[in-house]
Amino acid sequence: MTAAGYSVMGVTAVFVATLAVGAYGWRFSRTTSDFFVASRTVRPGLNASAIGGEYLSAASFLGVAGLVLAFGTEMLWYPVGWTAGYLVLLVLVAAPLRRSGAYTLPDFAESRLESRGVRRLSALLVVAIGWLYLMPQFQGAGLALASTTGTGSWLGGVLVATVVLVNVLFGGMRSITFVQAFQYWLKLTALLFPLLFMAAIWLGDGAVSPASVDVADVGGTGDSWVSPLAGGEHEVYTTYSIIMATFLGTMGLPHVVVRFYTNPDGAAARRTTLLVLALLGLFYLLPPVYGGLGRLYAPDLVASGRAESVVLELPSRMLAGTAGELLSALTTAGAFAAFLSTSSGLTVAVAGVISQDVMGRRFGGVRAFQAGAVVAVLVPLGLSLLTEGVGVAQAVGLAFAFAASTLCPLLVLGIWWRRLTDVGAIAGMLVGGGCAGGAVLATLLGVGPEGWGGALLAQPAAWTVPLSFLTMVGVSLATPRRVPRHAARTMVRLHTPESVQLDRGNAPR
Amino acid sequence: MSESAPRRVRVTSPRTSAARAQRVPAAREIDAQTRLGEVYMSSLIRSQLRLALLALAALVVFVGGIPLVFWLAPDLSDIEVLAVPLPWLLLAFAVYPFLLLVGWLYVRAAERNERAFTDVLDRT
């Protein structure tokens, strides 16, 4: 059998297993609450695996290794930031967000600030960030399938969208929880198992340091491969901006936030997040090693601009014959698990918001959720097919900067600062979102200036996040009369343990 | 004179009932949003916020400080431990156990804060 044949088998197995595990969850999914938040009964162990499975997207599975291979140590800030983002989420948001009792982020915004305007704006932002994040998943699936099996580049995205839609339509969050937990362990195995063989070969070859070889860098700025600072002139600014975006952007991603509502209570939400930290830390040990080994065994991928496929190709390059091809098929299967799980999580999150804020008027409950899911998948799929070739791979990084500048201040100030007003929240989200969004567009279209201006636009988080926070605080202080009437009661709901009998006001329905 | 025994009189202290009437459960203080209830709530929120900021400070200093250290002393990049460059060792491996440790300490302390709050409410 050919290498492409093994890959087709691996990918098919992942699709079939995903549908089978999802079908196991379909049987349990009956009520609206099942579809939106798995009836809030998911235990920390299962939930942490599911969050890990959903969070580790194609950017983690394929992108990190490719970036490390091409650009070096500075790219390790992405996996570090994506994990540290969970620590920030744990200490600032996890338990209060669960205790808020809301289904979606707009629910939280409305119940905390008692304003329909904040709800509409945050719903808009959730859908925008969700779609910005879904597009690269579909495109990545197309590229991965095309490079391993030689099909058209549109097929991968369409296949992933179809499988996701089937599971979400029939099982909602209940079903997706099982699927994602399964996919975390599949992704970990798919990277770890080939790595055991490859590490043995590396040791057999004398354990050469990847830093000792000279590879024609695509960056080409004479930047040292081992330096932990981003290349170019403004390396300190760029590095800290990446840190700001990833540390604070994680909590604003719609598919991350929505999972917190599936915990039974606030303390469980904290423990789940701690487990997620452990699972993410374990996973992120692996992709950088692929990047380092790729520098020794597949350096030509950098020159040919295919550094991203290092995870898919490295096993068959280091191991001769069928063994290498089988291991490459395993990593290909893992990549598709990554596309599927992240897309599923985003689809549930975006569908929840669309069905409540757009469709809720026309039909309710499970029907609205299913209609929302169709819209949530088809729009970004269409966009990804239309914009083929545009640098959408950058979209994931920009989604973090955008989320950090809009939803992060809303969550942090909403939870910890009683005097936040609806006007302040709207102003902060508009200013932060406007600046970050404008910078994102300018960078994607390539119209940014040179020098400092370009650096500020390419990685905007370091200035847009503080700007958004300052605007929210300043405008809130200027409008003290608009502090929500029940702010004190809401604070009781957000912060007190569930075991205490207290008047918590009306949780959002 | 009749030799009847003195009538039994029930002795009660007027203080007990008065004292009992003054004891209002802390939970009701919070529900009624009295000033005392505010004190209970803001002490809980402030202790949790202080804890969160402490964890973030550890993150900022020990992880956020890495780029600064390597910018000020670029020669550190050339150190290798078992064929692994030092920046790589820090960012690819050492940082994850550190994040987990901070998270674990945070969860323990946050649950302790909540237990203290629950105890105060139960005692009253």
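Calculation rules
- Residues numbered from 1 in each chain as written.
- Chains lettered and ligands numbered in written order.
- Predicted model: local features only at pLDDT ≥ 70, side-chain atom pairs only at ≥ 80, totals over all residues.
- Heavy atoms only, no water.
- Helix = DSSP H or I, 4+ residues; strand = E, 2+ residues; numbered from the N terminus.
- Buried < 20%, exposed > 50% of the residue type's maximum accessible area, 1.4 Å probe, protein only.
- Contact = heavy atoms within 4.5 Å.
- Areas by Shrake-Rupley, 256 points an atom, 1.4 Å probe, with all protein chains shown as cover.
- UniProt positions renumbered as here; feature names shortened; annotations may be inferred.
- pLDDT = per-residue confidence, 0-100.
- Axes fitted to C-alpha atoms, helices over the stretch in contact; angles between N-to-C directions.
- Parallel < 35°, antiparallel > 145°, perpendicular 65-115°, else oblique.
- Left-handed = near helix turned anticlockwise from the far one by under 90°.
- Nonpolar A, V, L, I, M, F, W, Y, C, P; charged D, E, K, R; others polar.

Right, let's get into the overall build of chain A. The helix and strand inventory of chain A stands at 22 helices and 0 strands. The buried share of chain A, taken over its 509 residues, is 62%. The contacts of chain A with a sequence gap of at least 6 include a subset with a gap of at least 24, amounting to 83%. When the accessible area of chain A is evaluated, it comes to approximately 17000 Å², of which 66% is carbon and sulfur surface.

So, about the UniProt feature "transmembrane region" (unreviewed entry) in chain B. Residues and elements named next belong to chain B. When the UniProt feature table is mapped to this numbering, "transmembrane region" (unreviewed entry) covers residues 51-73 and 85-107. Between the first and last C-alpha atoms of residues 51-73 the distance is 32 Å; the span itself is 87% helix and 0% strand. Along residues 85-107, the helical share is 96% and the strand share 4%, with 33 Å between the first and last C-alpha atoms.

To continue, consider the confidence of the model for chain A. All names here are of chain A. Averaged over all residues, the pLDDT of chain A equals 82, while 88% of them reach at least 70. Ranking the elements of chain A by mean pLDDT puts helix α2 (residues 32-37) last with 60 and helix α21 (residues 461-478) first with 93. Under a pLDDT of 50 for its full length, residues 217-222 has, in the predicted model, 8 contacts with residues more than four places off or in other chains.

Once that is clear, we can look at the packing of helix α22 (residues 487-495) of chain A against helix α3 (residues 35-62) of chain B. Relative to each other, α22(A) and α3(B) sit at 45°, their axes nearing to 11 Å. Taken as axis vectors, α22(A) and α3(B) run oblique relative to one another. Regarding α22(A) and α3(B), the two cross each other, and that crossing is left-handed. For the pair α22(A) and α3(B), the contacting residues are Ala488(A), Met491(A), Val492(A) and His495(A) in the first and Glu38(B), Met41(B), Leu44(B) and Ile45(B) in the second. Residues belonging to the contact of α22(A) with α3(B) are distributed by class as follows: 6 nonpolar, 1 polar and 1 charged.

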